[in-house]
Amino acid sequence: MRRPIFLTIGLFASLALACPAPAQSAKQEKTAAPAPKREISGVWSYQGSGGAEGTAPEKDMPPMTPWAQAKFNAERPGYGSRAVPDGNDPILQCDPSGFPRILFFPLPFEFVQTPGRILQFFEREHEWRSIWTDGRSLPKDPDPTWYGYAIGHWEGDDTLVVESAGFNDKTWLGATGYPHSEEMRVTERYQRVDRDTIRYNITVVDPKAYTKPIVGPERTMKLRPGAHVEELPCVWSEENSFTNRIRKPAVGQPAR
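Residues numbered from 1 in each chain as written. Predicted model: local features only at pLDDT ≥ 70, side-chain atom pairs only at ≥ 80, totals over all residues. Heavy atoms only, no water.

Q: Talk me through the overall build of the protein chain; I want residue IDs and the actual numbers.
A: Of regular secondary structure, the protein chain possesses 4 helices and 10 strands. In sequence order, the protein chain lays out its α and β elements as α-α-β-α-β-β-β-β-β-β-β-β-β-α. (Helix = DSSP H or I, 4+ residues; strand = E, 2+ residues; numbered from the N terminus.)

In structure tokens:
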């Protein structure tokens, strides 16, 4: 049976299996195989606490502008300090997760490196993103899309720096309902510290929505040798059917 896509938010058990045990700490780091130079291909998984995460923890989010605050107040998230049982998270109606939110789900993604372009292919939604590495600049007036327009370059032999713009404002920065505008720009750093490990950092600048940049905590991604990205699109007929089943009222209780 296909997994309902919005339930991947809570797949904490899968993360527990994916995360390295605490006892494996510094010694394993010292003996890890070196990373190939300027190479990031492979299937990777984010070592986080689940799809309820956002670009940054709620406590680290900067003050919002009045425009963003109004949008935020209108949202009904399923997680965080304002969680409600029957929210309006866009992904519950099969809208794309958008970027960078899609990175923080407990599902793998793959980098495919080609001359002039790196493809980032996500299991969730069966979605892909192009990162252009042929020296082009970000377009000055890009057409807004769900996943934006991305360019990348290498710093040294181990760090891929990615800059993105051209996002629409229909997605959240995480499951807690924080919005963004079409002015959002994202800078990411993928530092491959050894064969199996990427240190990931992200900064979001969106002057229409936030009074300061959003700086995410440093995160870790792990290589999954031999793994492959499975098909997991969001199919509205299946998601709607599943949602209706779990919301079916008990006998004598009114429907929501």
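Q: Account for the packing of aromatic side chains, with residues named and values stated.
A: Considering all chains together, one arrives at 6 aromatic pairs under this definition. Where Phe111 meets Tyr190, the ring centres are 5.3 Å apart and the plane angle is 90 degrees; that geometry is what we call edge-to-face. Remark: Tyr190 occurs in strand β7 (residues 185-194) and Phe111 occurs in strand β2 (residues 109-114); sequence separation between them is 79 residues. Neither residue differs from the other here; Phe111 and Tyr190 are each classed as buried. The structure contains a cluster of three or more aromatic residues connected by ring pairs, namely Phe109, Phe111, Phe122, Tyr190 and Tyr200. Its end group placed over the ring of Phe104, Arg219 keeps NZ or CZ at 4.1 Å from the ring centre. (Phe/Tyr/Trp six-rings, centres within 6.5 Å; stacked < 30°, edge-to-face > 60°. Buried < 20%, exposed > 50% of the residue type's maximum accessible area, 1.4 Å probe, protein only. Lys NZ or Arg CZ within 6 Å of the ring centre and 35° of its normal.)

Q: Requested: an account of the state of the cysteines, with residues and values cited.
A: What is meant by a disulfide is a covalent connection between two cysteines, made through their sulfur atoms. Considering all chains together, one arrives at 1 disulfide under this definition. There is a disulfide in this structure between Cys94 and Cys234, and the S-S distance comes to 2.0 Å. The sign of the S-S torsion, about -80 degrees, decides the handedness of the disulfide formed by Cys94 and Cys234: left-handed. A residue pair is termed long-range when its members are at least 10 positions apart, and Cys94 in the loop between α3 (66-74) and β2 and Cys234 in the loop between β10 (219-223) and α4 (236-246) qualify at 140 residues. Note on Cys234: relative accessible area 23%, which makes it partly exposed. (Disulfide = S-S within 2.5 Å.)

Q: Tell me what's going on with the nonpolar core, and back it up with residues and numbers.
A: Formed by 37 residues in total, the largest nonpolar core has its most connected members in Phe99, Leu103, Phe111 and Tyr190. Leaving out residues up to four positions away in the same chain, Phe111 has contacts with Ile40, Ser41, Gly42, Trp44, Ile118, Leu119, Gln120, Ile131, Tyr190 and Ile198. (Core = buried A, V, L, I, M, F, W, Y, C linked by side-chain atoms within 4.5 Å. Contact = heavy atoms within 4.5 Å.)

Q: A description of empty space enclosed by the protein should follow, citing residues and the corresponding values.
A: Tallying each qualifying case throughout the model produces 1 cavity of 30 Å³ or more. The wall of the largest cavity is formed by Ile102, Leu103, Phe105, Leu107, Pro108, Phe109, Phe122, Glu123 and Arg124. (1 Å grid on protein atoms, 1.4 Å probe; cavity = no way out; pocket = protein on both sides within 12 Å on 5 of 7 lines; lining within 4 Å. Points joined across faces, edges and corners; volume = space filled by probe spheres on them.)

Q: Report on the pattern of salt bridges, specifying residues and quantitative values.
A: Within this structure, the stated rule accounts for 9 salt bridges. Note that Arg136 is salt-bridged to Asp134, the shortest N-O span being 2.8 Å. Judged by its relative accessible area of 41%, Asp134 is partly exposed. (Salt bridge = Lys/Arg side-chain N within 4 Å of Asp/Glu carboxyl O.)

Q: Explain the confidence of the model for the protein chain residue by residue, including any values.
A: When the pLDDT values of the protein chain are averaged, the result is 85; 80% of them are 70 or greater. This model gives residues 5-22 a pLDDT under 50, and the stretch forms 39 contacts once residues within four places in sequence are excluded. In the predicted structure, residues 245-256 sits below a pLDDT of 50 and forms 7 contacts with residues beyond four places in sequence or in another chain. (pLDDT = per-residue confidence, 0-100.)

Q: Give a description of the pairing of strand β1 (residues 42-46) that names residues and reports values.
A: Most of β1 is tucked away, with 5 of its 5 residues classed as buried. The alternating pattern of β1 places Gly42, Trp44 and Tyr46 and Val43 and Ser45 on opposite faces, both of which are buried. Looking at chain direction, β1 and β10 are connected through 3 bridges and run antiparallel. Within the sheet, the bridge partner assigned to Ser45 lies in β10 and is Lys222. (Pairing = 2+ DSSP bridges.)

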